[in-house]
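Spelled out, the chains give:
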Amino acid sequence: MKLYKYFAFALALLSLSACDDNKVEDYPGFLGAVNTASGVTVDLDQTFSFNENQKMVYVPVNVSGTTNGKIVVTVEVKEAVENPAKEVENYNITSKTINIPEGETTGYVEISPVWEQGVINEDRKFSMTITKVQGATVGNANCDLTIYNVDDAYTMMAGSWTLTATDVNSGSEVSMVLNMQTLDADSEYYGTELDAFNLKGYSYLYIPFAFDYDEASHKINLELMAASFATTSPINFTGIGQCVVVSSTAYPNLGENIPLEVIGYDEIVFPEDATLTLAVMPYPALNQIAGQWGKWTKMHMTRN
């Protein structure tokens with residue numbers, strides 16, 4: 001998502017919604033003929049679990065015995081009585097009918113979780129049952145599935161926020177709606193940085209925040225990151241050339257992070273004398289300040 005991490009100088013400045021089930025009758029020749037060999041069974045594992053933020057998971061359908069053709073398995077799902085996982089709302093299944101080729105010992109039901117980021121909930125549960133098989137008999141037909149909640153203090157900060165501030169250059173009050181986002185789950189900075197996009201109304205401009213959570217005190221430690229890129233890519237500025245935008249603070253010294261106070265996941269309080277500046281620097285040299293693209297103080301953020 002970024003060009004960077006920190007740089008060492010101080011500055012003042014297939015989407016998967018619920019698909020229609022593929023009916024094997026629609027594709028009679030797919031993968032050839034159905035198995036006719038005897039002694040072949042299919043089973044589901046008794047339990048299966050996955051995290052709500054996984055991109056895709058695969059529930060195995062296990063084949064025992066030697067096949068001479070494909071096996072066709074159809075499953076259905078049912079919500080649990082307690083903490084139910086709802087299809088479409090909490091997960092989607094690519095197809096409830098799968099074809100397992102001749103010779104394969106495992107087929108897979110493909111599931112894409114739907115992550116409601118920033119909402120801490122109980123682990124959600126549902127069951128999957130084999131309801132129809134061609135080319136085999138059924139052993140264990142039922143699997144109990146659990147979708148683990150992964151939301152915590154970090155993801156709870158994600159969502160829509162409003163930043164109010166005073167424009168240092170004009171003296172006027174400004175208000176901006178920002179979209180606070182976590183980094184990608186596979187990023188090395190996941191869990192330690194948050195980015196608030198839509199700064200100045202531009203989707204590619206953001207405020208970077210350093211994040212830390214103290215388990216012992218249950219306290220969020222949040223800082224506005226100084227001397228960090230604040231745009232997803234270089235920008236062409238007329239007369240200046242290809243540039244990047246850099247956030248900085250001057251609090252209390254040039255290039256130091258701004259320590260913030262987080263109140264109940266709903267309010268971010270900035271020090272009264274803190275300043276956020278967007279400094280423009282030529283790219284890729286990044287060795288001088290070419291201009292300024294905004295400067296604010298008396299900042300405050302509230303969740304929408």
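Before any of the text, the structure's been laid out above.
Residues numbered from 1 in each chain as written. Predicted model: local features only at pLDDT ≥ 70, side-chain atom pairs only at ≥ 80, totals over all residues. Heavy atoms only, no water.

J.: Quick question: what am I supposed to make of the overall build of the protein here?
T.: For the protein, the helix and strand inventory stands at one helix and 22 strands. Across the 304 residues in the protein, those meeting the buried criterion constitute 44%. Carbon and sulfur atoms make up 49% of the accessible area of the protein, which amounts to about 14,800 Å² in all. (Helix = DSSP H or I, 4+ residues; strand = E, 2+ residues; numbered from the N terminus. Buried < 20%, exposed > 50% of the residue type's maximum accessible area, 1.4 Å probe, protein only. Areas by Shrake-Rupley, 256 points an atom, 1.4 Å probe, with all protein chains shown as cover.)

J.: When you look at the pattern of salt bridges in this model, what are you seeing that I'm missing?
T.: Side chains carrying opposite charge are able to pair once their charged atoms draw close together. Taken as a whole and judged by the stated rule, the model has three salt bridges. Residue lysine 96 pairs with glutamate 87 through a salt bridge whose shortest N-O separation is 3.2 Å. In this structure, arginine 303 and aspartate 266 form a salt bridge, with 3.4 Å as the shortest nitrogen-oxygen distance. You can see arginine 303 sitting in strand β22 (residues 291-303) and its partner aspartate 266 sitting in the loop between β19 (258-263) and β20 (267-269), a full 37 residues away along the chain. On the basis of relative accessible area, arginine 303 is assigned to the partly exposed category, the value being 25%. (Salt bridge = Lys/Arg side-chain N within 4 Å of Asp/Glu carboxyl O.)

J.: Would you explain unusual backbone geometry in this entry?
T.: In most cases, non-glycine residues show a negative phi, while peptide bonds are predominantly trans. Of note, the bond from tyrosine 283 into proline 284 is cis; its omega dihedral lies within 30 degrees of zero at 10 degrees. Within the secondary structure layout, proline 284 lies in the loop between β21 (275-282) and β22. Of note, alanine 227 is a non-glycine position whose phi angle comes to about 50 degrees, a positive value. Residue placement: alanine 227 occurs in the loop between β15 (219-224) and β16 (228-229).

J.: I'm lost on the sheet that holds strand β2 (residues 47-51) in this one. Help?
T.: To summarise the sheet geometry, strands pair through backbone hydrogen bonds and adopt either a parallel or an antiparallel arrangement. Pairing is mixed across the open sheet formed by five strands, whose spatial order is β2-β10-β8-β4-β6. Pairing within the sheet leaves two strands with one partner each, and these edge strands are β2 and β6 (97-100). Averaged over all adjacent pairs, the angle separating strand axes in this sheet is 30 degrees, with direction ignored. Pairing between strand β4 (residues 71-79) and β6: four bridges, direction antiparallel. Within β6, the residue paired with valine 72 across the bridge is asparagine 99. (Pairing = 2+ DSSP bridges. Axes fitted to C-alpha atoms, helices over the stretch in contact; angles between N-to-C directions.)

J.: What am I meant to see in the nonpolar core here?
T.: Most often, soluble globular proteins keep nonpolar side chains buried together rather than apart. Core analysis: the largest hydrophobic core is formed by 39 residues, its most contacted members being Phe209 and Leu222. For this core, the element with the most residues is β22, which contributes four residues. By size, the runner-up hydrophobic cluster in this structure holds 26 residues, among which are Phe50, Val63, Met128 and Ile147. (Core = buried A, V, L, I, M, F, W, Y, C linked by side-chain atoms within 4.5 Å.)

J.: For this particular structure, what's the right way to read the packing of aromatic side chains?
T.: The description of two aromatic rings rests on the distance between their centres and on the angle between their planes. Counted by the stated rule, this structure contains nine aromatic pairs. Ring geometry for tyrosine 58 and tyrosine 108: centres 6.4 Å apart, planes at 85 degrees, overall edge-to-face. Of the two residues, tyrosine 58 sits in strand β3 (residues 57-64) while tyrosine 108 sits in strand β7 (residues 106-113), which places them 50 residues apart along the sequence. On the basis of relative accessibility, which here comes to 46%, the residue tyrosine 108 falls in the partly exposed class. (Phe/Tyr/Trp six-rings, centres within 6.5 Å; stacked < 30°, edge-to-face > 60°.)

J.: How do you make sense of the sheet that holds strand β9 (residues 137-138) when you look at a structure like this?
T.: Strand order in the open sheet formed by five strands is β5-β7-β3-β1-β9, with mixed pairing between adjacent strands. Across the chains shown, the open sheet's two edge strands, defined by having one partner strand only, are β5 (91-93) and β9. Across four bridges, strand β1 (residues 41-44) lies against β3 in antiparallel orientation. Among the inter-strand pairings, threonine 41 is bridged to a residue of β3, identified as serine 64.

J.: Is there a simple way to think about the pairing of strand β18 (residues 241-248) in this case?
T.: Each regular strand displays side chains that alternate between the two surfaces of the sheet. For β18, a buried count of six out of eight residues is recorded, marking the element as mostly surrounded by other parts of the structure. Alignment of β16 against β18, held across two bridges, turns out to be antiparallel. Looking at the pairing, phenylalanine 229 lines up with valine 246 of β18. Taken together, the three bridges between strand β17 (residues 235-237) and β18 define a ladder with antiparallel strand orientation. When the sheet's bridge partners are listed, isoleucine 235 is paired in β18 with cysteine 243. Linking β17 to β18, which pair antiparallel, is a turn of three residues; within it glycine 239 sits at a positive phi near 85 degrees. Here six bridges tie β18 to β21, and the two strands are oriented antiparallel to one another. Within β21, the position partnered with valine 245 by the bridge is valine 280.

J.: Help me understand the pairing of strand β10 (residues 142-148) in this model?
T.: With five bridges connecting them, β2 and β10 associate as parallel partners. Bridged to asparagine 51 within β10 is tyrosine 148.

J.: Looking at this model, I keep getting lost on the environment of asparagine 121. Mind explaining?
T.: The residue asparagine 121 is located in the loop between β7 and β8 (124-134) in this model. Here the alpha-carbon distance between asparagine 121 and asparagine 149, two residues 28 residues apart in the chain, equals 6.3 Å. If we ignore the near neighbours within four places in the chain, the residues touching asparagine 121 are Glu52 and Asn149. (Contact = heavy atoms within 4.5 Å.)

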